[in-house]
Amino acid sequence: MTLSLEAIQLLPKVLLHDHLDGGLRPQTILEIADEIGWTPHLPSTDLTELAGWFRKGAETKDLLQYLATFEHTLAAMQLPEHLERVAYEAAIDLANDGVVYAEVRFAPELHQSKGLALEAIVEAVQQGFHRGMADANTTGRSIVVNTIICAMRTETRSFEIARLAVRLRERDDRIVGFDIAGAETGWPPSLHCDALQHAVRNQLHVTVHASEPPDIELIEDALNQGAERIGHGVRLTADISDLGSLEMGRVARAVLERQIPLELAPTCNVQIGAVPELAAHPIGPFLRAGFRVTVNTDNRLMSDVTVSSEVFAVMNTFALSNSEVAQLALNGIDSSFSSWSDRKRIRAHILQAYESAE
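Please read all numbers here as calculations on a predicted model, not as lab measurements.

Draft legend 1. Examining the pattern of salt bridges more closely. Considering all chains together, one arrives at 23 salt bridges under this definition. Asp-179 is paired through a salt bridge with Arg-105; the nearest N and O atoms lie 3.0 Å apart. With Asp-179 in strand β4 (residues 175-181) and Arg-105 in strand β2 (residues 99-106), this residue pair connects regions lying 74 residues apart in the sequence. Each member of the pair, Asp-179 as well as Arg-105, is classed as buried.

The following block contains the structure:
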């Protein structure tokens, strides 16, 4: 029996790739803009029109135009109380969608226009996540939210940010990973080898965005620099001549045989032009070929998605069985940067829930 969207919303799900500054509630943007005097800069003060404007920017099939929409979300995230609010609401919104484990990422260096210190920025976000987890738990919507600290690959602060992440991880073990993000073409991971190696040497998990040209070279470079997971990685198809017969190059073969997780975000991957339409997305064939694929939102506001809506869309597009839908959730928790105890507990919960749904 095919699962309905409502059924999927009730089932436990896992999210590994979600940007904090891409998931604000439109109402929150309006309210904070009013507080800080940003309202004249907004494209609209009508709630529906504002939400539609963000979606329109995401549908340009141009990554740089897609990233330009973040001007307004970032403007609302420059003070500690606003950072905490956004993080809190993210935890609540994900829990209400049935997400039981999430890794949310953000780049502290993008939140300093008001002079905040990097540590103060991270601490405010962590306070929001912790408060959100506590409040969600009281409503019976338990969620674990861990944090991935990003450095912008187009800037020169990655080593500073990696050191920050390692240092603050000692105070809060919910900080679990390091990433380099932002526009990718022309900024390969190897430009940030010192930062990535600092994270690796200090046993901080590493994931790296690799979803733009030069395709395989970018993915291979990310792996060579210590990436345990690939952010998106949809262009791995360039190294596969026939997925059905598993005819592939050495990079794709390594990703498959080493079970390197792919943080796929189907709607976003279509919106930025990495694939022409959802039916052409490799997530279904990859799953059936044995790749460790996961379903992610990337930016919930811009793409107008939830984890449930993404899972539902993928399920229907590729006619996934219930067991294949369950496997997507299991791939998520098995690929997570969570503690071993959290992984065991959440994995058991996922198995029990999907068995009961059959």
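Draft legend 2. Spotlight on the layout of surface pockets. Reported here for the largest pocket is a volume of approximately 430 Å³. Every residue lining the largest pocket is counted, 26 residues in all, and those nearest its centre are His-19, Leu-67, Phe-70, Met-152 and Gly-182. Counting only elements with at least two residues in the lining of the largest pocket, the list comes to α4 (63-68), α5 (70-75), β2 and β3 (144-152). Of the residues assigned to the lining of the largest pocket, the class counts are 14 nonpolar, 7 polar and 5 charged. For the second largest pocket, the calculated volume is near 250 Å³. Lining the second largest pocket we find 15 residues, and of these Leu-24, Arg-300, Leu-301, Val-305 and Thr-306 sit closest to its centre. Those elements that provide at least two residues to the lining of the second largest pocket are α3 (47-58), α6 (80-96) and α14 (300-303). Here the lining of the second largest pocket is composed, by residue class, of 7 nonpolar, 2 polar and 6 charged.

Draft legend 3. Representation of helix α9 (residues 193-201) within the structure. Turning to α9, its buried residues number three or more, namely Ala-195, Leu-196, His-198 and Ala-199. Viewed along the axis of α9, the buried residues span an arc of 155°, placing them on a single side of the element. In α9, the exposed residues that point more than 90 degrees away from the buried face are Asp-194 and Arg-201. In the core, the buried residues of α9 are packed alongside α8 (158-169), β4 and β5 (205-210). Positive backbone phi, approximately 55°, marks Gln-203, located one or two places after α9.

Draft legend 4. The packing of aromatic side chains, seen in detail. The final tally for this structure, using the stated rule, is 2 aromatic pairs. Taken together, a centroid distance of 5.0 Å and an interplanar angle of 80° make the contact between Trp-53 and Phe-54 edge-to-face. Taking the relative accessible area as the measure of exposure, Trp-53 reaches 30% and is therefore partly exposed. Just above the ring of Tyr-88 sits the side chain of Arg-131; from NZ or CZ to the centre is 4.0 Å. Against the face of Phe-337 rests Arg-229, its NZ or CZ located 3.8 Å from the ring centre.

Draft legend 5. The arrangement of unusual backbone geometry in detail. Omega for the bond connecting Pro-213 with Pro-214 falls within 30 degrees of zero, at 10°, which places this linkage in the cis form. When you line up the elements, Pro-214 lands in the loop between β5 and α10 (216-224). Phi at His-232 is positive, roughly 75°, even though this residue is not glycine.

Draft legend 6. Quick look at the packing of α8 against α9. Relative to each other, α8 and α9 sit at 15°, their axes nearing to 8 Å. Judged by the inter-axis angle, α8 sits roughly parallel to α9. Seen along the crossing, α8 lies across α9 with a hand that is right-handed. On α9, the residues touching Ser-158, Phe-159, Ala-162, Arg-163 and Val-166 of α8 are Asp-194, Ala-195, His-198 and Ala-199. Of the residues in the contact of α8 with α9, the class split is 5 nonpolar, 2 polar and 2 charged.

Draft legend 7. Structural context of the nonpolar core. Core analysis: the biggest nonpolar cluster contains 118 residues, and Leu-20, Phe-178, Leu-236 and Phe-291 have the highest contact counts within it. Element by element, the count of residues in this core is highest for α6, at 9 residues.

Draft legend 8. Structural view of the environment of Leu-30. Of note, Leu-30 is situated in helix α2 (residues 26-36). Between the C-alpha atoms of Leu-30 and Leu-42, which are 12 residues apart in sequence, the distance is 8.5 Å. In this view, Leu-30 contacts Leu-42, Ser-44, Thr-45, Leu-47 and Leu-50; residues no more than four positions away in its chain are not counted.

Definitions and cut-offs
Chains are numbered independently. Their residues run from 1 in the order of the written sequence. Local features in this predicted model are restricted to residues of pLDDT 70 or higher, and side-chain atom pairs are both shown and tallied only at a pLDDT of 80 or more, whereas totals for entire chains, interfaces and linings draw on every residue. Note that water and hydrogens are dropped before the side-chain values are worked out from all heavy atoms of the structure. Between Lys or Arg on one side and Asp or Glu on the other, a salt bridge is scored when a side-chain nitrogen of the former is within 4 Å of a carboxyl oxygen of the latter. Secondary structure elements are taken from DSSP: a helix is a run of H or I of four residues or more, a strand is a run of E of two residues or more, and numbering for both begins at the N terminus. Think of it in three bands: residues with accessible area under 20% of the maximum for their type are buried, residues over 50% are exposed, and the middle band is partly exposed, with areas taken using a 1.4 Å probe on protein chains only. Points on a 1 Å grid, built from protein atoms alone, make a cavity when a 1.4 Å probe fits but cannot get out and make a pocket when they are open with protein on both sides within 12 Å along at least 5 of 7 lines; residues with an atom within 4 Å of a point are the lining residues. Grid points are joined across faces, edges and corners, and a volume is the space filled by probe spheres set on the points. Amino acid classes used here: Ala, Val, Leu, Ile, Met, Phe, Trp, Tyr, Cys and Pro are nonpolar; Asp, Glu, Lys and Arg are charged; the rest, including Gly, are polar. The arc refers to the directions leading from the helix axis to the C-beta atoms. Pairs of residues are marked as contacts when any of their non-hydrogen atoms sit within 4.5 Å. Classification of ring pairs uses Phe, Tyr and Trp, with its six-membered ring standing for Trp, and accepts pairs whose centres are within 6.5 Å; under 30 degrees between planes counts as stacked, over 60 as edge-to-face, and the remaining range as tilted. Lysine NZ or arginine CZ positioned within 6 Å of the ring centre and within 35 degrees of the ring normal marks a charge as sitting over the ring. Angular values range over 0 to 180 degrees, each being the angle between N-to-C directions of two axes fitted as lines to C-alpha atoms, with helices fitted over their stretch in contact. Roughly parallel refers to an angle under 35 degrees, roughly antiparallel to one over 145, roughly perpendicular to one between 65 and 115, and oblique to any angle outside these ranges. Handedness of a crossing is defined here by the sense of rotation of the near helix relative to the far one, left-handed for an anticlockwise turn of less than a right angle and right-handed for a clockwise turn. Within this scheme, the nonpolar core is defined by two criteria: the residues are buried Ala, Val, Leu, Ile, Met, Phe, Trp, Tyr or Cys, and they are joined through side-chain atoms within 4.5 Å.

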